[in-house]
Amino acid sequence: MESNGESWLKKYYPVEADTLINDSDIECVQHSLNKWRGLTKNILRKYGLVANGCVIEDDRFVFYVDSSSCALCQKYIEKRNTCIGCPLFKQLGKPCEASSDSPYTVFRREANPLPMIDALEKTLMALTIDRKEDGNE
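Scope of this entry: the structure provided in the associated data block. If you're wondering where the values come from, they're calculated on a predicted model, not measured in any experiment.

1. Focus: the environment of Asp101
Locating Asp101 in the fold gives a position in the loop between α5 (87-92) and α6 (103-110). Overall, the relative accessible area of 54% leaves Asp101 in the exposed class. Taking the C-alpha atoms as reference points, Asp101 and Phe63, separated by 38 residues in sequence, lie 23 Å from one another. With sequence-adjacent residues up to four places away left out, Asp101 is seen in contact with Lys94 and Val106. Within the structure, Asp101 has its side chain in polar contact with the side chain of Lys94 (distance 3.2 Å). Side-chain polar atoms of Asp101 contact the side chain of Ser99, separated by 2.5 Å.

Spelled out as structure tokens, the structure:
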């Protein structure tokens, strides 16, 4: 029988982040956004999971919400050794964990994914607009 954590993974993290390193920024943001939407308190409660710092867990499951599970981090930090080119960095004007009010820092401290969801939605919108302006619909 499938655990609650495995069910959560199927819906909110169906492929490993590092498999997207050669994909478009839009695809990486969509992957990240799907994961972060699955980290809201209501969704975690539905699956019987809790957030504890950067870990999502129950008694049979552990998932790390860190650079290893972020398609953008995998593409920019792991592959290029910097987050400067990352579209989320561009949107925020700084790394997502740079200060106490940065989205990732807020999540680690308060288990609140909403600032990251908001930042990723704005990033996706900006990328989509850029793509349309470049004629690459």
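More follows now that the structure is in view.
2. Brief notes about the pairing of strand β2 (residues 55-58)
Bridging between strand β1 (residues 50-52) and β2 involves three bridges; their strand directions are antiparallel. Bridge assignment links Ala51 to a residue of β2, and that residue is Ile56. Connecting the antiparallel pair β1 and β2 is a turn made up of two residues, with Gly53 showing a positive phi of about 70°. Where β2 meets strand β3 (residues 61-64), four bridges bridge the pair, whose relative direction is antiparallel. Paired with Ile56 across the two strands is Phe63, which belongs to β3. Between β2 and β3, which pair antiparallel and follow one another directly, the connecting turn spans two residues.

3. Re the pattern of salt bridges
In the structure shown here, the tally under the stated rule is five salt bridges. Here Arg37 makes a salt bridge to Glu121, at a shortest N to O gap of 3.0 Å. Here Glu121 lies in helix α7 (residues 114-133) and Arg37 lies in helix α2 (residues 25-37), a separation of 84 residues in the sequence. By relative accessible area, which is 34% here, Glu121 ends up partly exposed. Between Arg109 and Glu110 there is a salt bridge; the shortest N-O distance is 3.0 Å.

The rules behind these values
Residues numbered from 1 in each chain as written. Predicted model: local features only at pLDDT ≥ 70, side-chain atom pairs only at ≥ 80, totals over all residues. Heavy atoms only, no water. Helix = DSSP H or I, 4+ residues; strand = E, 2+ residues; numbered from the N terminus. Buried < 20%, exposed > 50% of the residue type's maximum accessible area, 1.4 Å probe, protein only. Contact = heavy atoms within 4.5 Å. Polar contact = N/O pair within 3.5 Å; in protein donor to acceptor, adjacent residues only side chain to side chain. Pairing = 2+ DSSP bridges. Salt bridge = Lys/Arg side-chain N within 4 Å of Asp/Glu carboxyl O.

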